[in-house]
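# Summary of structural features
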Amino acid sequence: MAQQGSPGIAQLFALALQHHQAGRLSEAEKLYWQVLRTDSHHADALHFLGVIAHQQQRSDVAIDLINQAIAQNGQVPAFHTNLGNALKARGRLDDAVAAYRRALALKPDHAAAHYNLGVVLEALGNLDEAAAAYARAVALNPKHTEAHNNLGNALRAQGQIERALESYRRALALKPNLVEAHNNLGNVYRSLGRLEDALSSYRTALQHQPDYAQAHNNLGIVLLDQGKLADAEASFRRALALRADYAEAYVNLGNALTEQGDCAQAQATYQQALAIDPDCVEARLGLALAVIPIFAANAADSDGAATRFARSLKELTSWSRANPGKLGKTVGSHQPFYLAYRPGELGPLLSRYGELVCAEAASHWQSQLQAPSAESTPRTRTRLLIISGQVRHHPVWDVVLRGIIAHIDRARFEVLLYHTGALVDKETDWAKAQVERFVAGPKPTRAWLAEIARDRPDAIFYPEIGMDPATCTLAALRLAPLQLAGWGHPVTTGLPSMDLYLSGELLESATADQHYRERLLRLPGTGVCTELSAAQGQPWDGPARPADVVRFALCQQPIKFDPQYDALLARIAKAAGPSEFWLVASSKQAWANERLRARLAAAFRAEGLDPEAHLRVTPWMRPAAFLGYLDAMDVYLDCPAFSGYTTAWQAIHRGLPIVTLEGEYQRQRLAAGLLRQIQITDGVASTGDQYLDIAVRLAAEARDPQQRDARRQAITAAAPRADGNRAAVAAFEQALIGGLHTMPSKDVHGAA
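Residues numbered from 1 in each chain as written. Predicted model: local features only at pLDDT ≥ 70, side-chain atom pairs only at ≥ 80, totals over all residues. Heavy atoms only, no water.

What follows concerns the sheet that holds strand β6 (residues 500–504). Taken in spatial order, the seven strands make up an open sheet running β3-β2-β1-β4-β5-β6-β7, and their pairing is parallel. Single-partner strands in this sheet number two, and they are β3 (437–440) and β7 (519–523). Taken over all neighbouring pairs, the strand axes of this sheet differ in orientation by 25 degrees on average, direction set aside. Sheet analysis places β6 next to β7, joined by five bridges and oriented parallel. Bridge assignment links L500 to a residue of β7, and that residue is R519. (Pairing = 2+ DSSP bridges. Helix = DSSP H or I, 4+ residues; strand = E, 2+ residues; numbered from the N terminus. Axes fitted to C-alpha atoms, helices over the stretch in contact; angles between N-to-C directions.)

See below:
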């Protein structure tokens, strides 16, 4: 004790302390005050009265009393530690840090002070110092389970995943029912893409504590990642039933409702999150984007999307100006991805969005950006960093990226590849072997920024901005002198941080430059260098073809079909005679399958047709089965609103004739560009009537076996012209060299 006082006071104080230790706070408080009435300078009584006030959540009273104790005797480490606890509870985090540091100056081996210091440093975002404080706490007290658990949190935030896993496992070895550690272990597994392991960890936490709202919430997030939307919604609702003020669970429930196409309910749910926490930026961003329908119920719903988003973006921008810097931490977590499926000019609107998120991201991350590391020797090659979430068998990889990795000139370019996604396969392994440095994700943004600072790229290429949260966040920052976007997501990024947008000369109209915030660069042909794999198709397991029936393939995601073209498909059915329209069901957004079929059925009925005689749905297929499906179809109807490249590319290699309606925007011109590349363009229409006429003509051909076979053989023979476009890679190389020499100088790690 700091002081003993008179024997009578000592006995009184000892009795007070006994009551305190037994949890009888009222009795203890009375006796401490009795001590002070005899000795107003009794530091221990002042200190423990402050501790009781802190326990009773009267932080201001606690701070005052403990400060009085310190004024009497400033050499007691526990005084400073408990002052730090009270200051932390009051939200005075910097003052709490100072208090803990004073305690440690007096007692360097004070494990509790190290632990509490780590808690506050972590809350302040000082992760390196927090991790060091937790590590010191567990070194001094190896059985401190909470310190092991919190050390894992700090390490995970730093991107040190394996060390984080080790810390959580040590905590659980000491205390197998520590639900927080099970929950945090699940978070790590989720970040690694090990979703089944994550589910197991969350469910174990819930076995120990069924009312653990946070585990229900996190369980819902994994179910959402798995596309189990109804189950995810149920988990979020259970979390909210347990904790009605859980703003994060409301946000996640809003996300689940959005993914189920229930935009109105999603908006209401985001509003509930904001009613709880007006500064919940995830809810504000989700609310702004929920006005964009994933699947448009009708033409008015589709046509009004841009106007609604413009209005919500204006409100978001106004809020951001009144609350500068707050939005930055959530940039990338949501994107206006589905706006690309809606009609019209999107460039100006996406540019306004890009201005907002780039400014916010720069404001948030500027203090955490690391200066590029110095290099000991000058470079002899241009260092290109490619950042993608799809370094695996995926349309972005197969079409846009693989050819660059395979054929770029290694005498001129040093290639580094960051795979920000969790899914990997044999293509990932192949990619690792092709590049000078491969960095596997997932990682937190802070860790990616450290990697980029280490690598000091001359240029960064993002093939698919908009499809992966990590790439969206990084792309909003200026991290290299030259930054380029590809057309993995075929619409302008709108980001002032992007210098060039790489497209193909056959994919763009003469006036296409006006649609892009970036400087548009038209690479030769379709702008990509593809190579068809040797995959063999397997027979489609669909039903036998009725006599004289023509089968039309509608094999893109349901969300890509815009309502304005439903009637066009019905008109084709009416004019083509006996026919089946085979939709391929989405595995990710199954709810959209029935909505599309219902919408098309209404259009067919409006033309006097029986939908049951024409509309068919086949389940989503693995690649080999999909090739068999293409073999079984007669005509491929490309989506007029959102053209498909990958499916069209597969179709021509199976000899399947394509009908496509070429529009003004790149997202309406992908299949047309591909057909021009192989020099078979009689399937390219410029109006809806032409689209109908071509479809009807090809249907008539399909009923004649000789004409059908001849056309399919001609297309198959021409299909290789789509591949091996080395000129596009050479032009890509020249764009890098030329861009570095001609683009205005940009400050790396600054605002765009």
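Between helix α27 (residues 623–632) and helix α28 (residues 646–653), the shortest axis-to-axis distance is 10 Å and the interhelical angle comes to 65 degrees. The two elements α27 and α28 meet at a crossing, and its hand is right-handed. In this structure, α27 uses F626, L627 and L630 to contact α28, whose residues at the interface are T647, Q650 and A651. Looking at the contact of α27 with α28, its residues break down into four nonpolar, two polar and no charged. (Left-handed = near helix turned anticlockwise from the far one by under 90°. Contact = heavy atoms within 4.5 Å. Nonpolar A, V, L, I, M, F, W, Y, C, P; charged D, E, K, R; others polar.)

Our focus in this paragraph is the sheet that holds strand β13 (residues 684–685). Here six strands make up an open sheet; going across it, the order is β10-β9-β8-β11-β12-β13 and the pairing parallel. Of all the strands in the sheet, just β10 (615–618) and β13 have a single pairing partner and so form its edges. Where strand β11 (residues 635–637) meets strand β12 (residues 658–661), two bridges bridge the pair, whose relative direction is parallel. Residue pairing across strands places Y636 opposite I658, the latter belonging to β12. Together, β8 (550–554), β9 (579–584) and β11 form the strand contacts of helix α25 (residues 566–576), whose direction differs from that of β9 by roughly 150 degrees.

A word on the pairing of β9. Counting buried residues along β9, six of its six residues qualify, which places the element largely inside the surrounding structure. Residues S579, F581 and L583 point to one face of β9 and E580, W582 and V584 to the other, with burial holding for every one of them. With five bridges joining them, β8 and β9 adopt parallel strand pairing. Considered in β9, the bridge of V550 is made with S579. Traced from β8 through α25 to β9, the parallel crossover comes out right-handed. With four bridges connecting them, β9 and β10 associate as parallel partners. Looking across to β10, one finds that V584 is bridged to T618. For the crossover from β9 across helix α26 (residues 591–606) to β10, the handedness is right-handed. (Buried < 20%, exposed > 50% of the residue type's maximum accessible area, 1.4 Å probe, protein only. Right-handed = clockwise from strand over helix to strand, strands pointing away.)

Function-wise, these values are silent; they only describe arrangement.
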